[in-house]
Amino acid sequence: MTRKIAVAIILLLLLGGILFALAVFRDPQSALKTSRTDTCVGMLRIVDKSPLIVELENGVRFKLDTGSDLTTIAESDLAVLDSLGYVDDQSIYWNIGRDGADQFNFEEKSYHINLPLSIFYYETDSLGMPVEILQRRETAMMKDVAFAPAKTDFSVLGIDFLKKFVVEYCPEQNYIAFHTKLPDGYEPTAPISNPYNIFKYPWSGSRYYIDFAVDGNANRYFIDTGLQAAHVKLPASDAKYCKRQLYPDKLRSFRDTVDALVDQEAWVTCGSRAGSHSAFYCDDSEEDYSVNIFNVFSQDVVIDFPGHQVCLLPAKRFSTRTTPVLKSSADSAAVAGN
């Protein structure tokens with residue numbers, strides 16, 4: 001009897017291990033498809049930049065967070081999308097990882113939702129400012145986007161979704177665009193990487209990093225668009241290297257607020273670009289070195305996840321670019337393979 005119990009326990013452990021491995025290593029967005037075959041497959045309006053919040057035309061909002069392992073849907077937003085007929089089905093499958101509030105999420109089900117994104121077109125007015133051509137606005141569907149149930153009251157587009165696309169951030173026109181290829185006009189600025197560390201983050205195979213130098217001290221920084229007011233974050237122990245006056249402040253996140261010291265004029269270098277930015281020195285529950293790419297660059301920015309690079313417009317062009325590039329492409333509408 002004792003031997004049978006031992007065998008049963010071993011079999012249960014093996015089964016649990018297999019299920020855990022399937023949950024960790026599967027692609028939750030493998031069924032994702034787009035309705036457009038153009039390079040630009042959809043846009044979302046930005047309604048807040050700190051934190052970065054985007055909105056569908058029907059008013060449902062999402063936090064856009066590369067620091068969230070999972071794409072999650074709040075109960076209230078699920079009800080709105082379901083009432084409009086956008087919730088396709090529900091499946092039983094484990095979702096494991098950190099969510100947009102930096103909380104560990106372990107859910108056994110996910111929802112497949114069709115998201116009605118937009119395509120915006122712009123023209124330049126007599127003052128050289130971009131003006132949207134309202135009559136040309138189009139709807140672009142993203143089909144079968146997988147969402148885990150959120151433990152929070154807000155919804156999140158996490159890295160499992162974002163890594164499928166070339167993500168373009170346009171702060172002047174207030175939109176985020178999702179592309180299947182790099183839009184015209186951008187030039188590579190710095191490579192990004194996503195090394196997998198099963199011992200440090202066993203549920204997260206898609207943490208992306210970029211090399212930054214603060215006052216000449218280079219490190220690999222975690223790309224976290226959930227980082228709010230800070231441009232770059234360093235561990236408190238690195239404050240000793242700063243030669244300028246540091247000011248007390250707070251680093252705020254959806255999870256907590258921690259004390260920090262801030263260098264308001266840190267010299268930050270990334271690839272071929274450099275400038276003065278705020279650097280926060282503090283210790284929190286995240287990685288020692290983090291950067292919000294969208295806070296650092298005050299211009300249009302592309303994070304090309306499939307191409308593993310961050311791209312910027314040439315300095316002489318970024319202030320005059322007013323229209324998204326919507327070049328026709330023969331690419332398949334399915335982006336699950338990216």
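Worth saying up front: this structure is predicted, and the values here are computed from it rather than measured. (Residues numbered from 1 in each chain as written. Predicted model: local features only at pLDDT ≥ 70, side-chain atom pairs only at ≥ 80, totals over all residues. Heavy atoms only, no water.)

Chemist: Lay out the overall build of the chain with the relevant residues and their values.
Modeler: Helix and strand counts for the chain come out as 4 helices and 23 strands. Looking at the chain residue by residue over its 338 residues, the buried ones come to 51%. Contacts in the chain between residues far apart in sequence, at least 24 positions, make up 69% of those at least 6 positions apart. (Helix = DSSP H or I, 4+ residues; strand = E, 2+ residues; numbered from the N terminus. Buried < 20%, exposed > 50% of the residue type's maximum accessible area, 1.4 Å probe, protein only. Contact = heavy atoms within 4.5 Å.)

Chemist: Run through the pairing of strand E4 (residues 61–64), naming residues and quoting values.
Modeler: Bridge count for strand E3 (residues 52–55) against E4 is 3 bridges, and the pairing is antiparallel. Note that in E4 the partner of Glu 55 across the bridge is Arg 61. Hairpin connection between E3 and E4: a loop of 5 residues separates the two successive antiparallel strands, and Gly 59 in this loop has a positive phi of roughly 95°. Alignment of E4 against strand E11 (residues 155–157), held across 3 bridges, turns out to be parallel. (Pairing = 2+ DSSP bridges.)

Chemist: Tell me what's going on with unusual backbone geometry, and back it up with residues and numbers.
Modeler: Cis rather than trans, the peptide bond between Ser 50 and Pro 51 has omega equal to 5°. For His 308, which is not glycine, the phi dihedral falls at a positive 55°. Mapped onto the fold, His 308 is located in the loop between strand E22 (301–304) and strand E23 (309–312).

Chemist: If you had to explain the packing of aromatic side chains to someone new, which residues and values would you point to?
Modeler: All told, the structure shown has 11 aromatic pairs when counted by the stated rule. Both rings, one in Phe 120 and one in Tyr 175, keep their centres 6.3 Å apart while their planes meet at 50°; by these two values the pair is tilted. Residue Phe 120 is found in the loop between strand E7 (104–119) and strand E8 (122–124), and its partner Tyr 175 is found in strand E13 (residues 175–179); the two are separated by 55 residues along the sequence. For the residue pair Phe 120 and Tyr 175, the accessibility class agrees, reading buried in each case. Measuring from centroid to centroid gives 5.3 Å for Phe 161 and Phe 165, while their planes differ by 55°, and the two rings are tilted. (Phe/Tyr/Trp six-rings, centres within 6.5 Å; stacked < 30°, edge-to-face > 60°.)

Chemist: Just give me the short version of the pattern of salt bridges, but keep the residues and values in it.
Modeler: A full pass over the atoms with the stated rule returns 12 salt bridges. The shortest N-O distance in the salt bridge between Glu 138 and Arg 36 comes to 2.9 Å. You can see Glu 138 sitting in strand E10 (residues 138–149) and its partner Arg 36 sitting in the loop between strand E1 (33–34) and strand E2 (40–49), a full 102 residues away along the chain. By relative accessible area, which is 31% here, Glu 138 ends up partly exposed. Salt bridges sharing partners connect three or more residues here, namely Arg 207, Glu 286 and Glu 287. (Salt bridge = Lys/Arg side-chain N within 4 Å of Asp/Glu carboxyl O.)

Chemist: Now, about the environment of Ile 119: what can you tell me, with residues and values included?
Modeler: Within the fold, Ile 119 resides in strand E7. Look at Ile 119 and you get buried, because its relative accessible area is 0%.

In short, geometric facts, not functional conclusions.
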